[in-house]
Amino acid sequence: MTWWRRAFPLELAEEGHFSRREFARFLALVSAGFTAGIGFLWMRKKPLEGASDPESGLTGQPVALGMASDLKPGESRLFKFRDAHDACILLRTSTGELKAYRQTCTHLGCAVRFSGGRLECPCHLGFFETDRGFPVQGPPSRPLSAIALETRPDGSLWAVGELPKPTLENLDRRADCPKEQQLQERQEVKA
Amino acid sequence: MTPRVRISPAALGVILVLLVIQVYLFETVLGAVLDGQRKVLPGAFGVSLALTAICLFLAFRSTVEHGPKD
């Protein structure tokens, strides 16, 4: 008897016992597993780790992020928002705007960092633009979760909630194409 | 001699196609949930349940007679 026969003591007759119907039943059970998985996601009220939860809106506990003027253009700072595992990144773009995003890459969940004016995921070289968190290069296909910021009269900066991710329904198309926006404004002025 | 009852290859093929649809549906739903769009869950669950019901019906009920009848 050869070594591999001893290592894998399967008889051909036994292998044949796995019938077509048994295979079909196995596939049907796998299908039921997927249904159970979707049911689990439906019943689970707590959002998945790193997942966006815009339904909580602005009702969450605000988080103090220091003074808004502390951050210079091109700089970033990390903070925790929803809980100790919810890492987020606050940044000031080159145009001076303050933006905050969840640090979880939408590809495979690595931590993104602010580098060279873009948000970069170093694991698989995915890049996101800083204005709305849209992926611009690499494997990620979904935008980052954005955090709503509020600057209070005393100059302090607060993270106050989550912004809904841009979808086809709520996408501001004028923001997509600034030239189109300028043309529209010119037409309005002429009219 | 009694006929041997088997599942037909066509039924097995349909189950395989339905399973591919299930995988795609689950991946899409997971992406939507991670994006915070939980509204798709009831509809997706209903569709997935219907697909599973068809799979189970085919796997347990679909038969084709094979071999001599007597």
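Residues numbered from 1 in each chain as written. Chains lettered and ligands numbered in written order. Predicted model: local features only at pLDDT ≥ 70, side-chain atom pairs only at ≥ 80, totals over all residues. Heavy atoms only, no water.

Novice: Describe the UniProt feature "transmembrane region" (unreviewed entry) in chain B, listing the residues and the values that go with them.
Specialist: In this structure's numbering, the residues bearing the UniProt feature "transmembrane region" (unreviewed entry) are residues 12-34 and 40-60 of chain B. Along residues 12-34 of chain B one finds 100% helix and 0% strand; the C-alpha atoms at either end are 33 Å apart. (UniProt positions renumbered as here; feature names shortened; annotations may be inferred. Helix = DSSP H or I, 4+ residues; strand = E, 2+ residues; numbered from the N terminus.)

Novice: I'd love a proper account of the nonpolar core, names of residues and values included.
Specialist: If you look at the biggest cluster of nonpolar residues, it comprises 14 residues, and the most contacted ones within it are Ala24 and Leu27 of chain A together with Ile7, Ile15, Cys55 and Ala59 of chain B. Put simply, the parts of the chain that give this core at least two residues each are helix 3 (20-43) of chain A together with helix 1 (9-34) and helix 2 (40-61) of chain B. Considering every element that reaches this core, the biggest residue donor is helix 1 of chain B, with five residues. If you look at the next biggest cluster of nonpolar residues, it comprises 13 residues, including Ala68, Leu71, Cys88 and Ala100 of chain A. (Core = buried A, V, L, I, M, F, W, Y, C linked by side-chain atoms within 4.5 Å. Buried < 20%, exposed > 50% of the residue type's maximum accessible area, 1.4 Å probe, protein only.)

Novice: Any details on the packing of aromatic side chains? Residues and values, ideally.
Specialist: Under the definition given, this model contains two aromatic pairs over all chains. When the ring of Phe34 of chain A is compared with that of Phe26 of chain B, the centres are 5.4 Å apart and the planes differ by 55°; the resulting orientation is tilted. With Phe34 of chain A in helix 3 and Phe26 of chain B in helix 1, this pair bridges two chains. Where Trp42 of chain A meets Phe45 of chain B, the ring centres are 5.5 Å apart and the plane angle is 50°; that geometry is what we call tilted. Of this pair, Trp42 of chain A sits in helix 3 while Phe45 of chain B sits in helix 2, on two different chains. Given the relative accessible area of 21%, Phe45 of chain B is considered partly exposed. The residue whose ring lies beneath Arg118 of chain A is Phe127 of chain A, and the NZ or CZ to ring-centre distance is 4.0 Å. In this arrangement the basic side chain of Arg152 of chain A is found over the ring face of Trp158 of chain A, its NZ or CZ atom lying 4.1 Å from the centre. (Phe/Tyr/Trp six-rings, centres within 6.5 Å; stacked < 30°, edge-to-face > 60°. Lys NZ or Arg CZ within 6 Å of the ring centre and 35° of its normal.)

Novice: Please set out the interface of chain B and chain A residue by residue, giving values where relevant.
Specialist: Taken together, the contacts link 37 residues of chain B with 27 residues of chain A. Carbon and sulfur atoms make up 70% of the surface buried where chain B meets chain A, a total of about 2900 Å² over both sides. Per-residue buried area on chain B facing chain A is highest for Leu34, Asp35 and Arg38 of chain B; these three make up 21% of the total on that side. Remark: the boundary between chain B and chain A carries zero salt bridges. At the junction of chain B and chain A, the tally comes to eight residue pairs in polar contact (both at pLDDT 80 or more). Breaking the side of chain B that touches chain A down by element, the ones donating at least two residues are helix 1 and helix 2 of chain B. (Contact = heavy atoms within 4.5 Å. Buried area = accessible area lost by both parts, 1.4 Å probe. Salt bridge = Lys/Arg side-chain N within 4 Å of Asp/Glu carboxyl O. Polar contact = N/O pair within 3.5 Å; in protein donor to acceptor, adjacent residues only side chain to side chain.)

Novice: Lay out unusual backbone geometry in plain terms, naming residues and giving numbers.
Specialist: Of note, the phi angle at Leu125 of chain A is positive, near 55°, even though the residue is not glycine. Of note, Leu125 of chain A is situated in the loop between strand 6 (118-121) and strand 7 (126-128).

Novice: Can you lay out the pairing of strand 3 (residues 87-92) of chain A for me, pointing to particular residues and giving the numbers?
Specialist: All names here are of chain A. Among the six residues in strand 3, six count as buried, and that is most of the element. A two-sided burial pattern is seen for strand 3, the buried positions comprising Ala87, Ile89 and Leu91 on one face and Cys88, Leu90 and Arg92 on the other. In terms of strand pairing, strand 2 (residues 76-80) meets strand 3 through five bridges, oriented antiparallel. Bridge pairing links Ser76 to Leu91 in strand 3. Linking strand 2 back to strand 3 in an antiparallel pair, the connection comprises six residues. Bridging between strand 3 and strand 4 (residues 98-102) involves five bridges; their strand directions are antiparallel. Bridge pairing in strand 4 places Leu90 opposite Ala100. Joining the antiparallel neighbours strand 3 and strand 4 is a turn of five residues, in which Gly96 adopts a positive phi near 95°. (Pairing = 2+ DSSP bridges.)

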